[in-house]
Amino acid sequence: MKERMPFAMPIVGGLVLLALVLFVLPDSLFSGFGINRHAGGVSESERVAGSIKTEDETGSGLATFDPLAAQWAALMARLGSKNARPNETLLSFDSAEAMKAFLDRADEAGLKILGKIDALNMVRVGYDDLNDLRDDMRAHPGDYAGAGPNYLVQIPTVPSLENRPEQREVGFDDGALAFMGVKGDISTWGKGVTIAILDTGVTAHPAFTNGRVTSIDIGMGLTGTSDADGHGTAVASLAGGGMTGAAGVAPAANLLSIRVTDSDGVSDLFTLAQGIQTAVDAGAKVINISLGAYNDSSVLSRMIDYADRHGSIIVAAAGNDQSSTMTWPAANPLVISVGAVDAVGQQVSFSNSGENLSATAPGLGLNAAWPGGQIVSFDGTSGSAPLMSGAIASMLSLNPKLTARQAASLVTTYSADAGAPGPDPRYGNGTVDIGYALNFGNTAYLDPSISSQYFHPDENSMEFVVQNRSGSGVSSLTLDINAAGVSQSIAVPFLQAGERWSYTVPIDQARLTTETQLQYSSRLRLPAGLTDVNPGNNGKMSVVFKPTVAAP
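If you're wondering where the values come from, they're calculated on a predicted model, not measured in any experiment. Every residue gets a number counted from 1 within its own chain, in the order that chain's sequence is written. Restriction of local features to residues with pLDDT of at least 70 applies here, the model being predicted, together with a cutoff of 80 or more for giving and counting side-chain atom pairs; totals for whole chains, interfaces and linings are based on all residues. The side-chain numbers reported here are obtained from all heavy atoms of the structure, hydrogens and water having been left aside.

1. Things to note about the nonpolar core
We apply this condition: Residues grouped as a nonpolar core are buried Ala, Val, Leu, Ile, Met, Phe, Trp, Tyr and Cys residues, joined through side-chain atoms within 4.5 Å. A 1.4 Å probe rolled over the protein chains alone gives each residue an accessible area, and that area as a share of the maximum for its type sets the label: buried under 20%, exposed over 50%, partly exposed in between. Only DSSP runs of H or I with at least four residues qualify as helices, and only runs of E with at least two residues qualify as strands; both kinds are numbered from the N terminus onward.
In terms of nonpolar packing, the biggest core is built from 51 residues, with I195, M388 and I392 touching the most fellow members. The element best represented in this core is helix 11 (residues 381–398), accounting for eight residues. Within the second largest apolar cluster, 35 residues are counted, among which are A84, L90, M122 and V335.

2. Observations concerning the sheet that holds strand 3 (residues 88–93)
Keep this limit in mind: Pairing between strands requires that DSSP locate at least two bridges from one strand to the other. The axes used here are C-alpha line fits, helices contributing only the stretch in contact, and every angle between their N-to-C directions lies in the interval 0 to 180 degrees.
Strands sit in the order 4-5-3-6 across an open sheet of four strands; the sheet is antiparallel. A single partner strand is all that each edge strand has here, and the edge strands are strand 4 (111–117) and strand 6 (144–148). Taking each pair of neighbouring strands and ignoring which way they run, the sheet shows an average axis angle of 25°. When strand 3 meets strand 6, the two strands line up antiparallel, connected through four bridges.

3. Digging into unusual backbone geometry
With an omega of 15°, the peptide bond between W328 and P329 qualifies as cis. The backbone phi angle of D173 is positive, close to 55°, even though this residue is not glycine. With respect to the helices, strands and loops of the structure, D173 is situated in the loop between strand 7 (152–153) and helix 7 (176–179). Looking at D173, the relative accessible area reads 49%, which means it is partly exposed. Positive phi, close to 50°, is recorded for Q322, a residue that is not glycine.

4. Observations concerning the side chain of S358
For clarity, the threshold we go by: In this analysis, two residues are considered to be in contact whenever any of their non-hydrogen atoms come within 4.5 Å of each other.
In this fold, S358 is placed in the loop between strand 16 (336–341) and strand 17 (359–362). Taking the relative accessible area as the measure of exposure, S358 reaches 10% and is therefore buried. Residues contacting S358, with those up to four places away along its chain left out, are V335, I336, S337, T412, G428 and N429.

5. Points about the sheet that holds strand 8 (residues 194–199)
What the seven strands build is an open sheet, ordered 9-12-8-14-15-16-17; its pairing is parallel. Of all the strands in the sheet, the pair left with one neighbour each is strand 9 (213–216) and strand 17. Between one strand axis and the next, the sheet turns by 30° as a mean value, whatever way the strands run. With four bridges joining them, strand 8 and strand 14 (residues 286–289) adopt parallel strand pairing. What sits directly across from I197, in strand 14, is N288. Taken strand by strand, helix 8 (residues 230–240) contacts strand 8, strand 12 (254–259) and strand 14, and its axis lies near 155° from that of strand 8.

6. Overview of the pairing of strand 15 (residues 313–317)
Of all five residues in strand 15, five are buried, a share of seventy percent or more. Covered by surrounding structure in strand 15 are I313, V315 and A317 together with I314 and A316, the residues of both alternating faces. Pairing analysis gives four bridges linking strand 14 to strand 15, with the strands arranged parallel. Across the sheet, the residue bridging to I289 is A316, located in strand 15. Note that strand 15 and strand 16 share three bridges and pair parallel. Bridge assignment links V315 to a residue of strand 16, and that residue is I336.

7. Describing helix 9 (residues 269–281)
Selection criterion: For a helix, the expected span equals 1.5 Å multiplied by the residue count minus one. Counted as a polar contact is a pair of N or O atoms within 3.5 Å, where, for protein atoms, one must be capable of donating a hydrogen and the other of accepting one, and residues adjacent in sequence contribute only when both atoms are in side chains.
The terminal C-alpha atoms of helix 9, which comprises 13 residues, lie 18 Å apart, in line with the 18 Å expected from a rise of 1.5 Å per residue. Among the 13 residues in helix 9, twelve count as buried, and that is most of the element. Those residues of helix 9 that fall on the buried side of the exposure criterion are L269, F270, T271, L272, A273, Q274, G275, I276, Q277, T278, A279 and V280. The N-capping residue of helix 9, defined by a side-chain oxygen 3.2 Å from the backbone nitrogen of F270, is D268. Positive backbone phi, approximately 95°, marks G283, located one or two places after helix 9.

8. Side note on the packing of helix 8 against helix 11
The packing of two helices is summarised by the inter-axis angle and the distance between the axes. Keep this limit in mind: Put simply, a crossing is left-handed when the front helix is turned counterclockwise from the back one by less than a right angle, and right-handed when it is turned clockwise. Gly falls in the polar group here, along with every residue not listed as nonpolar (Ala, Val, Leu, Ile, Met, Phe, Trp, Tyr, Cys, Pro) or charged (Asp, Glu, Lys, Arg).
Direction vectors running N to C along helix 8 and helix 11 enclose 35°, while the axes themselves pass 7 Å from each other. In the packing of helix 8 onto helix 11, the handedness of the crossing is right-handed. Residues H231, V235, L238 and A239 of helix 8 form the contact with helix 11, whose participating residues are S382, G383, P386, L387 and G390. A per-class count over the contact of helix 8 with helix 11 returns five nonpolar, four polar and no charged.

9. Points about the packing of aromatic side chains
Inclusion rule: Pairing of aromatic side chains requires ring centres within 6.5 Å, counting the rings of Phe and Tyr and the six-membered ring of Trp. Pairs whose planes differ by under 30 degrees are stacked, by over 60 edge-to-face, and all others tilted.
For the structure shown, the criterion picks out seven aromatic pairs. One aromatic cluster in this structure is built from F93, F102 and Y144.

Remember that the coordinates give geometry; whether it matters functionally is a separate question.
Structure (structure tokens):
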């Protein structure tokens, strides 16, 4: 043993010195790894006790302390995620000077610069050997603020399926605008407002006239060549199409197409963040993102903050995975997240839910533009989001003094209550009703409605929800109900503007077992002398099916 000491001592001394150098790296560096240097992961007592050890590079088995071991293990695990771009990392820096210094030395350090966002002091980096990045961090510990994966933005793997009752779903065809309370001449809706479409690109189509579509290339090209690249064209038409059979909510809006997907229809959070900044800097007040991922990242959250500070609102699809978890960026609280309903107001079975869900909009069987001058039937929260974007743009054009966030708040606050009374994870604040949002303070506007027939499977009951979407109070309403062949009429109490009231009846479980399905309908009657501006929402019909038993 004594004969080996003179050889071992310099190695131990050098590695301990290296450990001490690593130990003084700033806490902010590890915030990007998801682990704080002094909280969680590795405690100070563990360092002193030497519980974290690594084998030396000679392979002799000699071990020493490595304070970065846990942090690097966590980072490498995240970089290796199947939901992230391989051999890439996103780096953030404490200052513009620190970022410039890194850019100047990156090539020599063996790191490839794939992109940068100056506004965030963030760089997208490719690497062949992650040790090259570790070596640079060790050599320049004061420069770095964080590091993490570049997560993919695409149709993600389903995390968990909610158990939802069976229902009959009805598509919209060209009836989505009427469902949202759009009436009369809307040819000027959206005028002077730019809606950015961050998607697969928008192709030329008769739905877009007078040069209203412009495109910006952020490195992904303008449009793709595969059939799947029609997605962006369909999305744009629902927001601002101006063609019979493929009409959008804001047909006079300027549409800014920013392609963020590659040839496989896949994007990533860094590219999406670049697209958001480009849209904001180009003056888009409404930014539509009908894409999503199940991973968040600081590059995305910081860019959402950037958009908010500059007066732009982001609208995003909640996701199509029948999940209780929304995709990002929809899950960000600053984003207007949109789920899907069918033509009878039910949450569509595929639509994701979430506590931060803002609202719902039509999302099944929507008429939409498609490359080649086609009109297709389009499903998904990808279609619901641009209908919301068009609604916000229209509100801005009709009320120029509003900010984008104020316009979005009006559309979501003054929406048609859906599901159980009040906000909930399946419908958010309700379903977009532009007529209501435009007339919430108009005392001459009369629109009492049946907002929903909501089946409570746990309580075995059907709840009929009445909402007064008028600009003033309404009295003497009557609710007629036919509950599986049993009729009754109920006097509705006086309802203030915006007030809700509901009535519940039990489900005849014995009959349901025998007949396999029961039908429920309702109709709202107004007293003589009152004219409803939207009588189409005064009736509902729904079917309750016999519960299915899952196979063992």
